[in-house]
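Chain residues, written in single-letter form:
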Amino acid sequence: MTAEANAGVPRLEVRGVTKRFPGVLANDHVNFAVDPGEVHALLGENGAGKSTLVKMIYGVLHPDEGRLLWNGEAMDITDPHAARALGIGMVFQHFSLFEAMTVLENIALGMDEPGDMASLSRRVVEVSQAYGLPLDPDRNVYTLSVGERQRIEIVRCLLQNPKLLIMDEPTSVLTPQEVERLFETLRKLSAEGVSILYISHKLDEIKALCDRATILRGGRVVGECDPSVETAKSMAQMMIGEELKSVTRRSAGTHGEARLAVEGLTMPSEEIHGIDLKNVSFSVKAGEVFGIAGVAGNGQNELLLGLSGERLAHHDTIVRIDGEPVGRRDAGARRRLGICVVPEERNGHGAVPGMSLVENGVLSGHHRMDLLSNVFIRFGAAARFASEIVEAFDVRTPGIAASAGSLSGGNLQKFIVGREILQKPKVLIVSQPTWGVDAGAAATIHQALADLAAEGVAVVVVSQDLDELLAISDRLAVINVGVLSSAMVTKEASVEEIGLLMGGVHGLEPAPERAPEEAANVA
Amino acid sequence: MSLSTSFKIEPRREIPRSLLYATPLLAVVLTVVAGFFIFLFMGYDPFLSLYHFFVSPLLTFYGLSELMVKAAPLIMIGVGLAIGFRANVWNIGAEGQLTLGAITGGVVALAFWNQEGIWILPLMCIAGILGGMAYAAIPAFLKTHLNVNEILTSLMLTYVATLFLSTLVYGPLKDPMGFNFPQSRMFGDSALLPILLEGTRMHLGTVLALLIAVAGWVLMTFTIVGFQIRVLGQAPAAARFAGFSRTKLIWLCLMISGGLAGLAGTFEVSGPIGQLIPVITPGYGFTAIIVAFLGRLHPLGIILSGLLMALSYIGGENAQVEVGLPQAVTGVFQGLLLFFLLASDFLVRYRIRRRAAVPQAVGAAQPAE
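Quick notes on the rules
- Residues numbered from 1 in each chain as written.
- Chains lettered and ligands numbered in written order.
- Predicted model: local features only at pLDDT ≥ 70, side-chain atom pairs only at ≥ 80, totals over all residues.
- Heavy atoms only, no water.
- Helix = DSSP H or I, 4+ residues; strand = E, 2+ residues; numbered from the N terminus.
- Buried < 20%, exposed > 50% of the residue type's maximum accessible area, 1.4 Å probe, protein only.
- Contact = heavy atoms within 4.5 Å.
- Areas by Shrake-Rupley, 256 points an atom, 1.4 Å probe, with all protein chains shown as cover.
- Lys, Arg positive; Asp, Glu negative; His and termini not counted.
- Charge placed at Lys NZ, Arg CZ, Asp CG, Glu CD.
- Axes fitted to C-alpha atoms, helices over the stretch in contact; angles between N-to-C directions.
- Parallel < 35°, antiparallel > 145°, perpendicular 65-115°, else oblique.
- Nonpolar A, V, L, I, M, F, W, Y, C, P; charged D, E, K, R; others polar.
- Patch = residues over 30% accessible without salt bridge, like charges linked within 9 Å, V, L, I, M, F, W, Y side chains within 5 Å.
- Salt bridge = Lys/Arg side-chain N within 4 Å of Asp/Glu carboxyl O.
- Left-handed = near helix turned anticlockwise from the far one by under 90°.
- Domains from an automatic or database assignment.
- Buried area = accessible area lost by both parts, 1.4 Å probe.
- Polar contact = N/O pair within 3.5 Å; in protein donor to acceptor, adjacent residues only side chain to side chain.
- Pairing = 2+ DSSP bridges.
- pLDDT = per-residue confidence, 0-100.

Asker: Honestly, the overall build of chain B in this entry has me stumped. Any pointers?
Answerer: Scanning chain B for helices and strands turns up 14 helices and 2 strands. In terms of overall dimensions, chain B has a C-alpha envelope of 100 × 60 × 35 Å along the principal axes. Taken across its 369 residues, chain B has 51% of its residues classed as buried. Sequence-distant contacts, at least 24 apart, represent 77% of the contacts inside chain B between residues at least 6 apart. Counting every atom, chain B has about 17200 Å² of accessible surface; 70% of that belongs to carbon and sulfur. Measuring between centres, the 20 positive side-chain charges of chain B sit 18 Å from its 15 negative side-chain charges.

Rendered as structure tokens:
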């Protein structure tokens, strides 16, 4: 280790880096430095330029201006291969794993020089034990929880002895317990001199983990701080640049009959490794926001399909809207009765990427918004509907003729949420309402949901973001492997209890002990 | 420092509209260029051959009218297929549906062989449409109920249809006064499409083909049905999300394409042919697939591409007569056209970028400014 020879020289220094995309200045003369062994946070809203910046560090993109200094030496990082050769590892937000292959095969595929499989397997076990990342190299990936899958990506990086580890929003898919475990690993790495660049907008995590934080807004560095002395609120203000609005809830009349009632919904998944729904029951009254928490891939998608009518229940009475049985009615019929839905996947599910915003307004809007005259689409009315959504939800787009696929993820999300809310639903079901949208837009969406509830709409929010659910829901339940827990009143629920329900013991056991002879080989 | 250059193929983010419409033209130009060299290597005068293939058929009034006669079935079938293709319903068996439509329409004509009446022709058309639909219903049922790939079933059924037609004209429908030739009686006057222009074979069906293309455009552009078809093709999950029934739309697409192919078949036997014979189509049902793609699956584009492919038939015949080119030249040209179209479509979706791949440390070479 050359840390002492280079004492005082940062491991990575970003100097005056600028990156332009057509019409956007993604990074504007960005400066910051990461010292050896430092856990450095890169904090910013969506669209602040964090991803662009780390992609340049990892060699995926190339700066237009400025330079990157590695241990004090200017380097031209041409591609990720070169970045890895320098000692830069990156764990992406979305994993690139082959589900049908084993852990070991996946690790080998992502390495530049995997070597022979037997010794790689030994090294995987060594590294995973040394850093508290239990992994069985021979398990198939599809059998693993999201937390375990992330460990594969981390172990893959660690096998290359990185000097700098970039973590892009690593905790967005983890249970609170898994997050704590990950932090232990990262602290251990940092103690060994590995620098960590930690990208997040979760302020509590940054406070708990990071030594220093660089805050980006609109592509520029707007501040640097020590997270341990700042409050979450003060960092958020730096990040957003304005006072944070908190959601105001008018007391809603949550009395009366259930608007949405689900009783014993059991549904086998269509996916090969999907999650079957098992006897899911809950009900939501008018004016109530009902949260469904859970780690991704625990049956949320299946539940949403079953509620929207994209898949039918076995009996009509299993799903009721205002007492009317709709379990056997399709999505169009349910929409006409008042269920509006925002699915988790935007492109290709909630919207057709190749179609204009006008057409995407027609997609789900024509059931309730009087956009048809006989079989003909009333394009004038459809255009007005699309404009209304764009205005009300501040969708940044060159125009309503732009294709849905050309919008950024956050803007498309605003469009889809707006499209469903403006249809004046009786029941609104939203999955990941603020996934990928910036804090300002998230506040707008949360406020819109609260207002909707105040008007007497039954709102169901499915989210992996527990903080979000704690903030906006009246009651919540946790879904785990297709089973929905009984509902609890949000104010009385404890995070630990929810966390345990979310994870159970699933994904937290250590890897099974190796057979004795293999253990001998390791030694 | 090494100067290695590598090429990289990467998907385009936005597909430029201009390129989308330019590639069919590019494909035509490349086909002509390739044809030039094929003729050259085969020992024919390439200029003369191309002239007789592409130009001289267009110089006579009769040639132009024949162009319409050949283009009519291509346009009708192409429009129907394109609607299905938009929904990712791949009906490859229009040739068979056309044959069935010719049979059912022809059977009606022969059933009223010695009768007169303006109702005979409409009845034949309805029979033709129903025949084509019924034949397309087989792949539709197999796809929606058993998830059988419609490409295979519709294609294989084509050969069944052709053999069925042969069975009929060699057997029960053979002209009793026809000296044992495998053909039916000539249809009665009431069963023949009216000729629009004296001295040509241009029949009423050519005009109907154009109207059908316009109707197809209206359906796909302005109605919720066309919208549903487009959504199903582009994003099946979004179609389900919006409550569009996949099963119904698959049936609809196959009924439209089968019905139009069947009607085209009836037009062929009640127009240019005038009776049932063992072979009633020079591959219109297959060529219409090329027509659909060359016309960008757009009904109005299909009118243009239908005319172009019709020219390949007439030009092929003309070049046989004038230059002595082999009959296969028509098929070769059609194949080249499809090949070049698919190849240039690659450039619509992807671009090739040249980049210098030189990993290097610039620190030592360039002092800090």
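Asker: Could you clarify how one ought to interpret the packing of helix H7 (residues 204–222) of chain B against helix H12 (residues 299–323) of chain B in this entry?
Answerer: What describes two packed helices is the angle between their axes and the distance between those same axes. Residue and element names in this part refer to chain B. Viewed as axis vectors pointing N to C, H7 and H12 meet at an angle of 150°, and their least axial separation amounts to 8 Å. Overall, the two elements H7 and H12 adopt an arrangement that is roughly antiparallel. Within the contact between the two elements, H7 uses Leu-210, Ala-213, Gly-216 and Trp-217 and H12 uses Pro-299, Leu-300 and Ile-303. Each residue belonging to the contact of H7 with H12 can be placed in one class, and the counts come to 6 nonpolar, 1 polar and no charged.

Asker: I tried to follow a nonpolar patch on the surface on my own but got confused; where do I start?
Answerer: Residues and elements named next belong to chain B. On the surface, Phe-61, Leu-196, Leu-197, Leu-204, Val-207, Leu-208 and Leu-211 cluster together into a nonpolar patch covering about 570 Å² of accessible area. A per-element tally of the nonpolar patch places H7 first, with 4 residues. One can find Leu-208 in helix H7.

Asker: Looking at this structure, how should I read the packing of helix H5 (residues 120–146) of chain B against helix H10 (residues 246–273) of chain B?
Answerer: Residue and element names in this part refer to chain B. At a minimum axis distance of 6 Å, the contact between H5 and H10 shows a crossing angle of 140°. For the element pair H5 / H10, the angle class is oblique. Here H5 and H10 pass one another in a crossing that is right-handed.

Asker: Sorry, what's going on with the domain arrangement of chain A here?
Answerer: Where interface size is given, it is often the accessible area lost as the parts come together that is meant. All names here are of chain A. Once the domains are mapped, chain A shows domain 1 (9–87 + 162–244), domain 2 (95–161), domain 3 (256–338 + 426–509) and domain 4 (348–424). Spacing between the C-alpha centres of domain 3 and domain 4 amounts to 24 Å. The interface is formed by 21 residues belonging to domain 3 together with 13 residues belonging to domain 4. With both sides pooled, the region where domain 3 packs onto domain 4 buries about 1300 Å², and carbon together with sulfur makes up 64% of that total. Among the residues domain 3 hides against domain 4, the three largest losses belong to Arg-335, Arg-336 and Ile-445. Together they make up 37% of the total. In this assembly, domain 3 and domain 4 are joined by 1 salt bridge. Between Arg-335 and Glu-420 there is a salt bridge, with the nearest N and O atoms lying 2.8 Å from each other. Between the two partners, domain 3 and domain 4, sit 7 residue pairs in polar contact (both at pLDDT 80 or more). Of all elements in the fold, only helix H10 (331–337), strand E19 (427–431) and helix H14 (439–454) reach the threshold of two or more residues within the side of domain 3 that touches domain 4. Broken down by element, the side of domain 3 that touches domain 4 gets its largest block of residues, 5 residues, from H14. The residue inventory of the side of domain 3 that touches domain 4, partitioned by class, reads 11 nonpolar, 6 polar and 4 charged.

Asker: Teacher, can you tell me more about the interface of chain B and chain A here?
Answerer: If you look at the interface, chain B gives 26 residues, while chain A gives 37 residues. Carbon and sulfur atoms make up 62% of the surface buried where chain B meets chain A, a total of about 2500 Å² over both sides. For the interface between chain B and chain A, the tally reads 2 salt bridges. Linking chain B with chain A are 6 residue pairs in polar contact (both at pLDDT 80 or more), by the criterion used here. Where the side of chain B that touches chain A is concerned, the elements lending two or more residues are H7, helix H8 (224–234), helix H9 (236–241) and helix H14 (362–365) of chain B. Ranked by residue count, the leading element in the side of chain B that touches chain A is H8(B), at 5 residues. Classifying every residue of the side of chain B that touches chain A by side-chain character gives 16 nonpolar, 6 polar and 4 charged.

Asker: Whenever I open this one, the sheet that holds strand E7 (residues 164–168) of chain A confuses me. Can you help?
Answerer: Backbone-to-backbone hydrogen bonds pair the strands of a sheet. The strands run either parallel or antiparallel. Residue and element names in this part refer to chain A. Strand order in the open sheet formed by 6 strands is E6-E7-E8-E3-E9-E10, and the pairing between neighbours is mixed. What marks the edges here is a single partner per strand, and that holds for strand E6 (88–91) and strand E10 (220–225). In this sheet, adjacent strand axes meet at a mean angle of 20° when their direction is disregarded. Strand direction decides the pairing type here: E7 and strand E8 (residues 195–200), joined by 5 bridges, are parallel. From the neighbouring strand, Asp-168 faces E8, where its bridge partner is Ile-199. Lying on the sheet, helix H5 (residues 146–158) is in contact with E6 and E7; it crosses E6 at an angle near 175°.

Asker: What am I meant to see in H8(B) here?
Answerer: Turn by turn, an α-helix covers 3.6 residues, leaving residues three or four places apart pointing in a common direction. Counting buried residues in H8(B) gives 9 out of 11 residues, a clear majority hidden from the surface. Among all positions in H8(B), only Ile224(B), Gly226(B), Phe227(B), Gln228(B), Ile229(B), Arg230(B), Val231(B), Leu232(B) and Gly233(B) are buried.

Asker: Is there a simple way to think about the confidence of the model for chain B in this case?
Answerer: Should pLDDT be low for a region, the predicted coordinates there are not to be read in detail. Residues and elements named next belong to chain B. Overall, the prediction assigns chain B a mean pLDDT of 89, with 94% of residues at 70 or greater. Note that residues 357–369 has pLDDT below 50 and, in this model, 16 contacts with residues that lie over four places away or in other chains. Across the whole predicted complex the pTM is 0.76, and at the interface the ipTM reaches 0.83.

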